[in-house]
Amino acid sequence: RITDVRLRRVLDSRGNATVEADVLTESGGFGRAAAPSGASTGEYEAIELPPSEAIAKARELAVPRLEGGVYAGNQRDVDAALHAADGTDDFGVIGANSAVAISMAAAKAGADVLGAPLFQHLGGAFRGGSFPTPLGNVVGGGEHAADATHIQEFLAAPVGAPSVADAVFANAAVHAEVADLLDERDVACGKGDEGAWAPSIDDAEAFEIVDEATSTVADEFGFEIGFGLDVAGAELYDADEDAYVYGDETRSTEEQVEYIAGLVDEYDLVYVEDPLDEDAYDAFAELTDRVGDRTLVCGDDLFVTNTERLAEGIDAGAGNSILVKPNQIGTLSDAFDAIELAVRHGYDPVVSHRSGETEDTTIAHLAVATDAPFIKTGAVGGERTAKLNELIRIADDAL
Ligand code: PGA
Ligand code: ZN
C-alpha cells in the first residue's frame, strides 16, 4: 500500500525544470521516476503543465487518493486513481508530467516490493525474451537544433546486431564516424538536444554522410546497420500553404509522399517516423500502401500513444508502427493499452525517449517488458546512455 507520494522539481537535460516523484509503500517499497519533455510536441498529446503548477495540483488532488488506499503493484489502480483525480481526458488539471512521474514511480515501488527488476514486474513471466533494437540519432535538426537539417532525426538502425550491447556500441560508432566525415568536409558543428550532430548542411548532404557512416560501421562490426528517419512532418507542414516547407523549398502533400517513397528506395530506409503532418491520415495511408511492405511507417505526433487515434489509424491503414512515449498519454497503463492494440493489429511498437530527458531508465524496462522490437533513445549523452546502459544490464541479467 502506498503511504507517501513526494513530488519535486528537478532538472532535465535542457536545463528546464521537470517533475520527479517518489512513491513509498507500507512494506518499505520505494520507487522514483521523472517526467521527460518534448520540443516537437504533438498537438494531441496529454497536457504538460508548468512543473510547479502540476506538482501543486497533483498534491491537492491525486496524492490524497493514492496515499493509504492503493497498492503500488496494482498499476491499473494507481493509474485509475490518477485519471479520477484529474477528471479530464488529457490530464489538463494535474498535468501529464505529474501523472507520468507518479505512474512510473509507483511501478518501480511495486517492483521493489516484489524484489523483481522493473521489466519483470511490468512484463511478467510470459515475456518473449527478445531485446529491442536501439535506433540511434546521429544527425539532426528541426526543433532540436538551430540552423541544422530540416529533417529532425537521421537514425542508425543496427537491425543485424546479435546483441543489444553490439547494437548500442554500433550506434555510438556511427555517431563517431559521422563526426569524422563532417570533419573531412570541414563542417564544424555542435549537437542537438538528443546528442545528435547538428551541422549546418542541407538534408541531401546529411543523407550522403549517414549512408556512408552506417555502411562503414556495418563493415567494421560485421552486421547490418539500417538507416531510419524521424521527419517530424508536423513541424515542416504549413497549414496556410498546405505544404511541407524545407527552407526555400516546399512540397505539396503529394510531392511529400513521393519524396519519402523515393528516399525509402534510395537509402533502403528501414524506419520512417512522422513522414507527414499529424492530421494526415490519408496521406499516411497512401505512403504505407506504397512502402509499408519494406519499411516501418511510424506515427509519433500522429498517434501520440493514444488508443483512439491509433484505432483511427488502423481503420485508415495509416502507418504500420506506433511510437510509444508514456508522457504523451500520462500513465503506464495507457501506454500498455496502446502497445497491446498496436500489436493486435500488426503495428510494431517503438518505445521512445523525449528530447528533454532525465537519468530515468523506465523506458528501457518498458521496451523489454512489452517485447517492443525497437527503442529510440539516442546514441550518446548521459541522459541517453542511462537508458542504453540499462538495456545492456537488463540483457546481461535476463535476455
Ligand atoms: P520530442 O522529439 O521529444 O521533441 O517531441 C522526439 C520525437 O519527435 O520523436
Ligand atoms: Zn518523432
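Residues numbered from 1 in each chain as written. Chains lettered and ligands numbered in written order. Predicted model: local features only at pLDDT ≥ 70, side-chain atom pairs only at ≥ 80, totals over all residues. Heavy atoms only, no water.

1. A word on the UniProt feature "binding site: Mg(2+)" (unreviewed entry) in the protein chain
What UniProt calls "binding site: Mg(2+)" (unreviewed entry) maps, in this numbering, to D230, E273 and D300. What stands out for the annotated residues spanning 71 residues is how close their C-alpha atoms remain, the widest pair being 9.0 Å apart. Cross-referencing the annotated residues with the lining of the second largest cavity gives D230, E273 and D300. By the element assignment, D230 lies in strand β8 (residues 226-230). With near-sequence residues (within four places) excluded, D230 lies in contact with I151, Q152, E153, L155, E273, D274, D300 and K376. At a separation of 3.2 Å, a polar atom in the side chain of D230 contacts the side chain of Q152. Within the secondary structure layout, E273 lies in strand β12 (residues 269-273). (UniProt positions renumbered as here; feature names shortened; annotations may be inferred. 1 Å grid on protein atoms, 1.4 Å probe; cavity = no way out; pocket = protein on both sides within 12 Å on 5 of 7 lines; lining within 4 Å. Helix = DSSP H or I, 4+ residues; strand = E, 2+ residues; numbered from the N terminus. Contact = heavy atoms within 4.5 Å. Polar contact = N/O pair within 3.5 Å; in protein donor to acceptor, adjacent residues only side chain to side chain.)

2. Points about the site of ligand 1
By nearness alone, 15 residues border ligand 1, and A39, H144, R354, S355 and K376 come closest of all. One of the side-chain nitrogen or oxygen atoms of K325 is found 3.1 Å away from an oxygen atom of ligand 1. Measuring from an oxygen atom of ligand 1, one finds a side-chain N or O atom of S355 at 2.6 Å. When ligand 1 is considered free in solution it has 280 Å² of accessible area, and contact with the protein chains removes 100% of it. A majority-of-atoms criterion places ligand 1 in the second largest cavity. Residues that form the shell around ligand 1 fall into these classes: two nonpolar, five polar and eight charged. (Near = heavy atom within 4 Å. Areas by Shrake-Rupley, 256 points an atom, 1.4 Å probe, with all protein chains shown as cover. Sits in = over half its atoms within 2 Å of the grid points. Nonpolar A, V, L, I, M, F, W, Y, C, P; charged D, E, K, R; others polar.)

3. Observations concerning the nonpolar core
Ranked by internal contacts, the top residues of the largest apolar core, which has 113 residues, are L7, L66, F154, V178, F207 and L229. Counting residues per element, this core draws most heavily on helix α4 (residues 96-114), at 11 residues. Setting aside residues no more than four positions away along its own chain, L7 makes contact with V19, E20, A21, I55, A58, R59, V63 and I102. L135, L155, V270 and L296 belong to the second-largest nonpolar core, a separate cluster that totals 10 residues. (Core = buried A, V, L, I, M, F, W, Y, C linked by side-chain atoms within 4.5 Å. Buried < 20%, exposed > 50% of the residue type's maximum accessible area, 1.4 Å probe, protein only.)

4. Considering the coordination of the zinc ion (ligand 2)
Summarising the metal site, the zinc ion (ligand 2) is bound by the protein donors D230 (OD), E273 (OE) and D300 (OD), whose distances to it range over 2.0 to 2.2 Å. Each donor residue of the zinc ion (ligand 2) lies on one chain, and together they are spaced D-x42-E-x26-D. Pair noted here: D230 is in strand β8 and D300 is in the loop between β13 (296-299) and α11 (307-316), with a separation of 70 residues, a long-range link. Per residue, the accessibility class of D230 equals that of D300, and both read buried. (Donors = N, O, S within 2.8 Å, 3.2 Å for Na, K, Ca; no water.)

5. Let's talk about a negative patch on the surface
Together, D180, D183, E184, D186 and E212 make up a negatively charged patch on the protein surface. Per element, the largest residue contribution to the negative patch is three residues, and it comes from helix α6 (residues 164-184). Note that E184 resides in helix α6. We classify E184 as exposed; its relative accessible area is 64%. (Patch = residues over 30% accessible without salt bridge, like charges linked within 9 Å, V, L, I, M, F, W, Y side chains within 5 Å. Salt bridge = Lys/Arg side-chain N within 4 Å of Asp/Glu carboxyl O. Lys, Arg positive; Asp, Glu negative; His and termini not counted. Charge placed at Lys NZ, Arg CZ, Asp CG, Glu CD.)

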